[in-house]
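Breakdown of the fold
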Amino acid sequence: MQYYLAPMEGITTYIYRNAYAKYFGGIDKYFTPFINDKNFICDKNSITDKNMSKSLTARELRDILPENNVGIPLVPQVLTNHAGRFLAVAKEIAAYGYDTVNLNLGCPSGTVTAKKRGAGFLSVPNELDAFLYEIFARCPLQISVKTRLGVSDLSEWDRLLEIYAKYPIHELIIHTRLQQEFYTGKTHPEAYTRAIERLHADGTVGDYRIPLCYNGDIVSAGSLGDILTAIDTAAANASLSGHDIAENPDVDRIMIGRGIIQNPALAGQLQSISPAAPTLKETWRAFHDDILEGYIKIMSGDSPVLFKMKDLWTYMSRSFTSPEKYLKKIRKANRIADYVCAVDALFREQDIAG
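Residues numbered from 1 in each chain as written. Predicted model: local features only at pLDDT ≥ 70, side-chain atom pairs only at ≥ 80, totals over all residues. Heavy atoms only, no water.

This part takes up the overall build of the protein chain. Per the secondary structure count, the protein chain includes 14 helices and 12 strands. Counted over contacts in the protein chain with a minimum sequence separation of 6, partners at least 24 positions apart contribute 74%. Counting only carbon and sulfur atoms, one obtains 49% of the accessible surface of the protein chain, whose full area is about 15500 Å². (Helix = DSSP H or I, 4+ residues; strand = E, 2+ residues; numbered from the N terminus. Contact = heavy atoms within 4.5 Å. Areas by Shrake-Rupley, 256 points an atom, 1.4 Å probe, with all protein chains shown as cover.)

The next point concerns the nonpolar core. Tyr16, Phe86, Leu132, Tyr164 and Trp313 are the most contacted members of the largest nonpolar core, which has 102 residues in total. Excluding residues within four positions of it along the chain, Phe86 makes contact with Val78, Thr80, Val101, Leu103, Phe131, Ile135, Cys139 and Ile143. Counting 7 residues, the second-largest nonpolar core is a separate cluster that includes Ala6, Phe31, Val75 and Met255. (Core = buried A, V, L, I, M, F, W, Y, C linked by side-chain atoms within 4.5 Å. Buried < 20%, exposed > 50% of the residue type's maximum accessible area, 1.4 Å probe, protein only.)

Take helix H5 (residues 125-138) next. With 14 residues, H5 extends 20 Å from end C-alpha to end C-alpha; this agrees with the ideal 20 Å at 1.5 Å per step. Contacts made by the buried residues of H5 are with helix H3 (83-95), strand S8 (100-105), strand S9 (142-147) and helix H6 (156-164). (Expected span 1.5 Å × (residues − 1).)

Along strand S11 (residues 212-215), one buried face is formed by Leu212 and Tyr214 and the opposite face, lined by Cys213 and Asn215, is buried too. With 4 bridges connecting them, strand S10 (residues 171-175) and S11 associate as parallel partners. Bridge pairing in S11 places Leu172 opposite Leu212. Relative to strand S12 (residues 253-256), S11 runs parallel, the two being bridged by 2 bridges. What sits directly across from Asn215, in S12, is Met255. (Pairing = 2+ DSSP bridges.)

On to the pairing of S9. Consecutive side chains along a regular strand alternate between the two faces of the sheet. The element S9 is extensively covered by neighbouring structure, given that 5 of its 6 residues are classed as buried. Bridging between S8 and S9 involves 6 bridges; their strand directions are parallel. Counted as the bridge partner of Asn102 is Ser144 from S9. Strand direction decides the pairing type here: S9 and S10, joined by 4 bridges, are parallel.

Turning to the packing of helix H13 (residues 324-332) against helix H14 (residues 336-349), a few remarks are in order. Packing of H13 against H14 leaves a shortest axis separation of 8 Å and a crossing angle of 165°. Put simply, H13 runs roughly antiparallel to H14. You can see that H13 and H14 cross each other, and the crossing is left-handed. Taking contact as the criterion, the partners of Tyr326, Lys329 and Ile330 in H13 are, on H14, Tyr339, Ala342, Val343, Ala345, Leu346 and Glu349. Looking at side-chain class alone, the contact of H13 with H14 contains 7 nonpolar, no polar and 2 charged residues. (Axes fitted to C-alpha atoms, helices over the stretch in contact; angles between N-to-C directions. Parallel < 35°, antiparallel > 145°, perpendicular 65-115°, else oblique. Left-handed = near helix turned anticlockwise from the far one by under 90°. Nonpolar A, V, L, I, M, F, W, Y, C, P; charged D, E, K, R; others polar.)

Located in the positive-phi region is Lys116, a residue other than glycine, with phi close to 60°. By secondary structure assignment, the location of Lys116 is in the loop between helix H4 (110-113) and H5.

The strand order across the open sheet built from 10 strands is S3-S7-S8-S9-S10-S11-S12-S1-S2-S6, with neighbouring strands paired in parallel fashion. In the strand order of this sheet, the two ends are held by strand S3 (35-36) and strand S6 (74-75), each with one partner. Lying on the sheet, H6 is in contact with S8, S9 and S10; it crosses S9 at an angle near 175°.

Our focus in this paragraph is the environment of Met299. You can see Met299 is positioned in the loop between helix H11 (280-298) and helix H12 (302-316). If we ignore the near neighbours within four places in the chain, the residues touching Met299 are Pro304, Val305 and Lys308.

What follows deals with the packing of H3 against H5. Relative to each other, H3 and H5 sit at 30°, their axes nearing to 9 Å. If you check the angle between H3 and H5, you find them roughly parallel. Helix-helix and strand crossings are classified by hand; for H3 and H5 the assignment is right-handed. Touching Ala83, Phe86 and Leu87 of H3 are Phe131, Glu134, Ile135 and Arg138, all from H5.

Time to look at the pattern of salt bridges. In this structure the tally under the stated criterion is 18 salt bridges. Among the salt bridges present, the one from Asp129 reaches Lys166, with a minimum N-O distance of 2.6 Å. Taken as a pair, Asp129 in helix H5 and Lys166 in the loop between H6 and S10 lie far apart in primary sequence, 37 residues in all. The class for Asp129 is buried, based on a relative accessible area of 11%. Judged by relative accessible area, which is 45%, Lys166 ranks as partly exposed. Notably, a salt bridge pairs Arg335 with Asp338, separated by 3.0 Å at the nearest N-O pair. When salt bridges with common partners are traced through the structure, they connect Lys29, Glu171, Asp252 and Arg253 into a single cluster. (Salt bridge = Lys/Arg side-chain N within 4 Å of Asp/Glu carboxyl O.)

Put simply, the protein chain has an average pLDDT of 89, and 88% of its residues get 70 or more. Note on residues 44-53: pLDDT is under 50 here. Beyond four places in sequence and across chains, it has 23 contacts. (pLDDT = per-residue confidence, 0-100.)

Structure below.
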């Protein structure tokens, strides 16, 4: 099984990735938080190279620089619904030595989807098809896609699979929810089985084989087992042969986001990899301190550093036995010194659950 770390805006930066790889590991591929296309401009009626102008922000550039990702197998992700801008971003990414770019068709945020980007692009399948035609014809990089099942109804999924089947997608990462379901409620692993049937069952799609990756609600070994069982059951019900879970090549890639942010040891636990430090709590603390020090080095003042760290604790606190009063102090801290005192108390007085 291969494990991928999902991109999470503001969290899975190169600072986080380097600390994670150092103390936990077990990740075969990392994805950057999305690069926004808003700073990339080209003539609306043309996507020729001469009409493209490029401009990664300083933050985006830092995040993809090879020297900031040594030993990190990284795929930059792009958020756009404009073929010319996608190609402009891909061209700049290629200049830094990357061979693959990921298209974000999964972000469910209302501010994103209202502009028909992220999962919102799935609401206009004909426009999406035309967009994919353009970028696959001209992109200098391999293109992987992270998608949802549609916007509001599972019936949309078959149309999307019909579109995806046309193109040599390097890898299709499927978050098994609709856009309007955000991150709540049950996932739909049977839709993943439908993708196996439509895109992958015989190993080819036209002249292409499209590898699939599962994403959605993996927070423990038990939840992963439940998902694999559901996929296998759905495959059996659909009369797809050769889908034994233990050897199933169609479920050999798993992307995890919130589960790993909440419990950084998760990928290692799924693979029976021991933490680098003598105890799990010591590993967590060293991991946290590296992230804090990393942000202190690149940010000016306490406030932006604390914003980053408090965002991280929204997830990590869930793995401690009784974190409420400590989390309250962490959130109230206005100075790094006060923040460190609150974190000291949490690590000293609380255990990591499970």
